[in-house]
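Coordinate inspection notes
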Amino acid sequence: MNDVKCECGHVNPHGTVLCEACGKVLDEQENQKELLDMRYEGSARRSQTYNKTIIDKIWNFFSSVKVGVWLIIITLIASALGTIFPQKMYIDQAPEVYYQQEYGTLGKWYYQLGFDDLYSSWWYLLLIAMIGISLVICSLDRVIPLYKALKAQNVTRHEGFLKRQRVFGINTNAEEINLPLLKKQMQGKHYHVRGEKGDLLAEKGRFSRWGPYINHIGLIIFLFGGMLRFIPGMYVNENLWVREGETALVPETGEKFYLQNNQFILQTYDKNKDKAFAQALSKAGEVAKNYQSNVVLYEQQGKSLPGEKPKLKKIMDYKIRVNHPLAFDGYSIYQASFRSELSAMSFSLTNKKTNQSYGDLTIDLYNPKEKYDLGKGYSVEILNYFPDFEFGQNGEPSTKSRTPNNPAFIFRMYSPDKPKGETSFVAIKQTIEPLGTNKYKMSFRGIDTKNVSGFVVRKDSSMWVIILGGIIFMIGVVQGAYWQHRRIWIQHKNGQIWIAGHTNKNWYGFKREIELVLEGTNLSMPEDQLQAVKDKEEG
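Per the secondary structure count, the protein chain includes 11 helices and 24 strands. Relative to its length of 539 residues, the protein chain is extended, with a C-alpha radius of gyration of 39 Å against a globular reference of 24 Å. If one aligns the C-alpha atoms of the protein chain with their principal axes, the spans along those axes are about 130 × 60 × 60 Å. Considering the protein chain as a whole, with its 539 residues, one finds that 42% of them fall into the buried category. In the protein chain, the share of contacts with a sequence separation of at least 24, taken over all contacts with a separation of at least 6, comes to 62%. Just so you have it, the protein chain exposes about 30900 Å², and 54% of that area is on carbon and sulfur atoms.

Put into structure tokens, the structure is as follows:
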């Protein structure tokens, strides 16, 4: 498409409404009186000029503010829907089973649509990417033409441009005007004043026009920082449960760091010692004062073969408390929770009629033996072990997890008079003899528990990008909110002095400032043409 050459000699891109240099209205009747739309200085925007190729159509789609707003609304709705049911990171079962089992058909669709892992789902990331693309294209579609138009503007402007500004006035006493005083007073109000053939253009606050685009840059950086979290290693937020006395690999560290939990400590408030809280404690009961895990951090030396015990070097001892994490190599380990788990169960092989005991055994619930020899021909064999017992859909015993929340056993009990053994199913408060009545039974003697510390392992290498985006966004907010782009044109036309003014916001303050710079110059205050039309319509 051909460029448009104005009568002033300036060549404007196709689609320009106002000449970038003189402001003449292009391809429009000169007798029209509507005020000019100065939002983008009448510059040629690609989205309003080209609409032929597929690239043009994609550009025009993403350059629409309405499209950007709808993308944000859809993303917000999706984010809200993602909070209806817990995300899969907070459940212990397989998600394809859990959601349908717990929430029925709604849960099934919730899982199939990817809401179970919303913030990592492909379509959610696509929405975020589309918002970013919309911000980039919206900004480029507007800021480049606007920058070119503001840079190319001349001091002397076309008559039609001046007449159709909101603030406009004509002074006939041109010889009595004190232009040097006017220029001085405009400079005193921090205007940058340019002169050309006796005409003046006073301008200030142009940088405020870039505020919205600075916002867009900040948002783009913010979104980019958020998407960096989906790159492996950039963002870690993993749960880690470590039992007392055990050492566990710190997740997402590349098998480099290990954490040993020596002791978990739970301290509660004592109403006899903490007198200030005595009344509240008497109502609330036991209240935690401190959660603490005494740990040791190790670093692996070299690489170990699969199944080989790693060689560990002690890095530090630390007491992890709430809000006092262990920090190392960009990672932080927080004390998040704790629980008590069954660690061992004790039984006694006894005669059901006489209650005579033939030996005791203690079963390590995390590493049970296959057979326990009680001596004198008595022994017990574990045929099957269900750490978290439940009956399956087919009626057979199964386990929900490997954690011994509800342990159950199938024992085979051997004795001199029962050399082939007797079979018994034993669970907490439940004993079943599936092959007939037995002579012997496994009598429950007691349990041992072990504290388990719940940690959260965090690493966020993207946070500085997110913070940078937030800072840039706030700079744009301040830049666009607290300053205005103000311009005053003073021009000689046919022996008269014409005054026109424009600002992108705060017209009341702008008109008040014009009054101040015109004091003592013999120039009359120009009229607010928009307000005059409103007054006329109301009158």
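A word on unusual backbone geometry. Not every positive phi belongs to a glycine, and E41 is a case in point at roughly 60°. Examined against the element boundaries, E41 turns out to sit in the loop between β2 (11-12) and α1 (54-62). Classification of E41 by relative accessible area gives buried; the value is 6%. Look at N494: it is not a glycine, yet its phi comes out positive at around 55°. Secondary-structure assignment places N494 in the loop between β22 (486-493) and β23 (496-503).

Two measures describe an aromatic ring pair: the distance that separates the ring centres and the angle between the ring planes. Taken as a whole and assessed by the stated rule, the structure comprises 32 aromatic pairs. Their ring planes at 45° and their centres at 5.6 Å tell us that Y291 and F338 sit as a pair that is tilted. Here F338 lies in strand β12 (residues 331-351) and Y291 lies in strand β9 (residues 288-300), a separation of 47 residues in the sequence. Ring geometry for F409 versus F411: centroids 5.2 Å apart, planes at 20°, classification stacked. Comparing F409 with F411, the two get one shared label, buried.

Our focus in this paragraph is the sheet that holds strand β4 (residues 192-196). Here six strands make up an open sheet; going across it, the order is β4-β5-β22-β23-β3-β24 and the pairing antiparallel. Of all strands in the sheet, those bounded by a partner on one side alone are β4 and β24 (527-528). Both strand β3 (residues 167-171) and β24 contribute to a ladder of two bridges, which runs antiparallel. Residue pairing across strands places F168 opposite E527, the latter belonging to β24. Here helix α6 (residues 179-188) sits on the sheet and contacts β4, β5 (199-204) and β22; the angle it forms with β22, its principal contact strand, is near 170°.

A few words on helix α9 (residues 463-482). An ideal rise of 1.5 Å per residue puts 28 Å on 20 residues; α9 measures up with 28 Å between its terminal C-alpha atoms. All of the buried residues in α9 are V465, I466, G469, I472, G476, Q479 and G480. Along the long axis of α9, the arc covered by the buried residues comes to 150°, so they all point the same way. For α9, exposure combined with an orientation more than 90 degrees from the buried face picks out W464 and Y482. Along its buried surface, α9 packs onto α7 (211-228).

To continue, consider the environment of F115. Tracing the backbone through its elements, the reader meets F115 in the loop between α3 (95-112) and α4 (122-152). For the pair F115 and G245, spaced 130 residues apart in sequence, the C-alpha separation works out to 38 Å. Those residues in contact with F115 that lie beyond four places of it in its chain are A78, L81, G82, Q87, Y110 and W123.

With that settled, the discussion passes to the side chain of S139. Structurally, S139 can be placed in helix α4. S139 sits in the buried class, given a relative accessible area of 9%.

The next thing to look at is a nonpolar patch on the surface. A cluster of nonpolar side chains, V65, V69, W70, I73, I74, I77, L81 and I84, forms an exposed patch at the surface whose accessible area comes to about 720 Å². Mapped onto the secondary structure, I84 falls in the loop between α2 (65-81) and α3.

So, on to the pairing of β23. Of all eight residues making up β23, seven are buried, and the element is well covered by its neighbours. As paired elements, β3 and β23 share five bridges and run antiparallel to each other. The partner of V167 across the bridge, within β23, is G501.

This brings us to the pairing of strand β18 (residues 408-415). Across the eight residues that make up β18, a large majority, eight, are buried. Side chains A408, I410, R412 and Y414 of β18 all project onto a buried face; the interleaved residues F409, F411, M413 and S415 project onto the opposite face, where all are buried too. Sheet topology note: the strand β15 (residues 378-386)/β18 ladder contains seven bridges and is antiparallel. Counted as the bridge partner of N384 is I410 from β18. Between the antiparallel neighbours β18 and strand β19 (residues 418-427) lie two residues.

So, on to the sheet that holds strand β20 (residues 430-432). Either a parallel or an antiparallel arrangement is found when strands of a sheet pair, and the pairing is made through backbone hydrogen bonds. A sheet is described by the order of its strands in space; here five strands give the open sequence β14-β15-β18-β19-β20, paired in antiparallel fashion. Lying at the two open borders of the sheet, with one neighbouring strand each, are β14 (371-375) and β20. Taken over all neighbouring pairs, the strand axes of this sheet differ in orientation by 25° on average, direction set aside.

This part takes up the packing of α6 against helix α10 (residues 507-518). The geometry of α6 relative to α10 is characterised by a closest axis approach of 8 Å and an angle of 135° between their N-to-C directions. Between α6 and α10, the crossing angle belongs to the class labelled oblique. Handedness of the crossing formed by α6 with α10: right-handed. Between α6 and α10, the residues in contact are L182, Q185 and M186 and L516, V517 and L518, respectively. Of the residues belonging to the contact of α6 with α10, the class tally is five nonpolar, one polar and no charged.

Calculation criteria
Residues numbered from 1 in each chain as written. Predicted model: local features only at pLDDT ≥ 70, side-chain atom pairs only at ≥ 80, totals over all residues. Heavy atoms only, no water. Helix = DSSP H or I, 4+ residues; strand = E, 2+ residues; numbered from the N terminus. Rg over C-alpha atoms; globule rule 2.2 N^0.38 Å. Buried < 20%, exposed > 50% of the residue type's maximum accessible area, 1.4 Å probe, protein only. Contact = heavy atoms within 4.5 Å. Areas by Shrake-Rupley, 256 points an atom, 1.4 Å probe, with all protein chains shown as cover. Phe/Tyr/Trp six-rings, centres within 6.5 Å; stacked < 30°, edge-to-face > 60°. Pairing = 2+ DSSP bridges. Axes fitted to C-alpha atoms, helices over the stretch in contact; angles between N-to-C directions. Expected span 1.5 Å × (residues − 1). Arc of directions from axis to C-beta. Patch = residues over 30% accessible without salt bridge, like charges linked within 9 Å, V, L, I, M, F, W, Y side chains within 5 Å. Salt bridge = Lys/Arg side-chain N within 4 Å of Asp/Glu carboxyl O. Parallel < 35°, antiparallel > 145°, perpendicular 65-115°, else oblique. Left-handed = near helix turned anticlockwise from the far one by under 90°. Nonpolar A, V, L, I, M, F, W, Y, C, P; charged D, E, K, R; others polar.

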